[in-house]
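What follows is the residue order along each chain.
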Amino acid sequence: FGNVTLEEFKQMTTWFKYVDGKASVDMDTLPAMLHAFMHDTECNYDYYAAEHLTTQSTFITQGAGCASEIDLVIRLEELDDGLDQMVDEVKVAAGGVAKNCSLSDSNTAEDKPGGVPTESELMNILTADDEMMKKLCIIYAQDFLCFGYDLPDACDGLF
């Protein structure tokens, strides 16, 4: 955690109390912990690793100068095809360049330590709690709109 002590970390979030001193996430308190994550993200709390919950649209920058349209958005779930498309677009702009990189999967579900909730466990909690799902949709509204993601049923008509 760098220079941040655990005591400071406890005071920086509303969710840390759900994992403090535990070897794994307690599935009984996971819904409450998700509500706390949403609260901290919604209120823009600044804490260690908060960028993992920040909306992806905050990472898009125009750089210096006049703003222009984004040429290409690559979704993580379509990474390989998106990178191929980017290489093709750069090739044309640069007068022809060979693809010269490869990526491998890392930080996959199989790489996670024991006790970390799975994607399906998290989705089951979210889909069972319409209010939490709506809060998630409001927090990430710009991502849904800018990147063309389908809204979950609970969020239909919110924006």
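Just above, that's the structure.
Please read these numbers as outputs of a predicted model, since none were measured by experiment.

Asks: Got a minute to help me understand a negative patch on the surface in this structure?
Replies: On the surface, a cluster of negative charge is contributed by E78, D80, D81, D105, E110 and D111. Along the chain, the position of D80 falls in helix α3 (residues 79–94).

Asks: Even after reading the chapter, I still don't get helix α2 (residues 30–42), so can you show me in this structure?
Replies: Each α-helix turn comprises 3.6 residues. Residues three or four places apart therefore point the same way. The end-to-end C-alpha separation of α2 is 18 Å, in line with the 18 Å expected for 13 residues at 1.5 Å each. If you check which residues of α2 are buried, you get L30, M33, L34, A36, M38, D40 and T41. Summarising the contacts, the buried residues of α2 are in contact with α4 (119–127) and α5 (130–139). The positive-phi residue at the C-terminal boundary of α2 is N44, with phi of around 60°.

Asks: Even after reading the chapter, I still don't get the packing of aromatic side chains, so can you show me in this structure?
Replies: Ring pairs (aromatic) are described by centroid distance and by the angle formed between their planes. Evaluation of the coordinates by the stated rule reveals two aromatic pairs. Measuring from centroid to centroid gives 6.0 Å for W15 and F16, while their planes differ by 65°, and the two rings are edge-to-face. Here W15 falls in the buried class, since its relative accessible area comes to 11%. Ring pairing ties together the aromatic residues W15, F16 and F37, which thus form one cluster. Geometry around Y149 places R75 over its ring, the cationic atom sitting 4.0 Å from the centre.

Asks: Sorry if this is basic, but what is going on with a nonpolar patch on the surface here?
Replies: On the surface, a cluster of nonpolar side chains totalling about 380 Å² of accessible area is made up of I138, L145, L158 and F159. Secondary-structure assignment places L158 in the segment after α6 (141–147). For L158, a relative accessible area of 34% corresponds to the partly exposed category.

Conventions and cut-offs
- Residues numbered from 1 in each chain as written.
- Predicted model: local features only at pLDDT ≥ 70, side-chain atom pairs only at ≥ 80, totals over all residues.
- Heavy atoms only, no water.
- Patch = residues over 30% accessible without salt bridge, like charges linked within 9 Å, V, L, I, M, F, W, Y side chains within 5 Å.
- Areas by Shrake-Rupley, 256 points an atom, 1.4 Å probe, with all protein chains shown as cover.
- Salt bridge = Lys/Arg side-chain N within 4 Å of Asp/Glu carboxyl O.
- Lys, Arg positive; Asp, Glu negative; His and termini not counted.
- Charge placed at Lys NZ, Arg CZ, Asp CG, Glu CD.
- Helix = DSSP H or I, 4+ residues; strand = E, 2+ residues; numbered from the N terminus.
- Expected span 1.5 Å × (residues − 1).
- Buried < 20%, exposed > 50% of the residue type's maximum accessible area, 1.4 Å probe, protein only.
- Contact = heavy atoms within 4.5 Å.
- Phe/Tyr/Trp six-rings, centres within 6.5 Å; stacked < 30°, edge-to-face > 60°.
- Lys NZ or Arg CZ within 6 Å of the ring centre and 35° of its normal.

In short, geometric facts, not functional conclusions.
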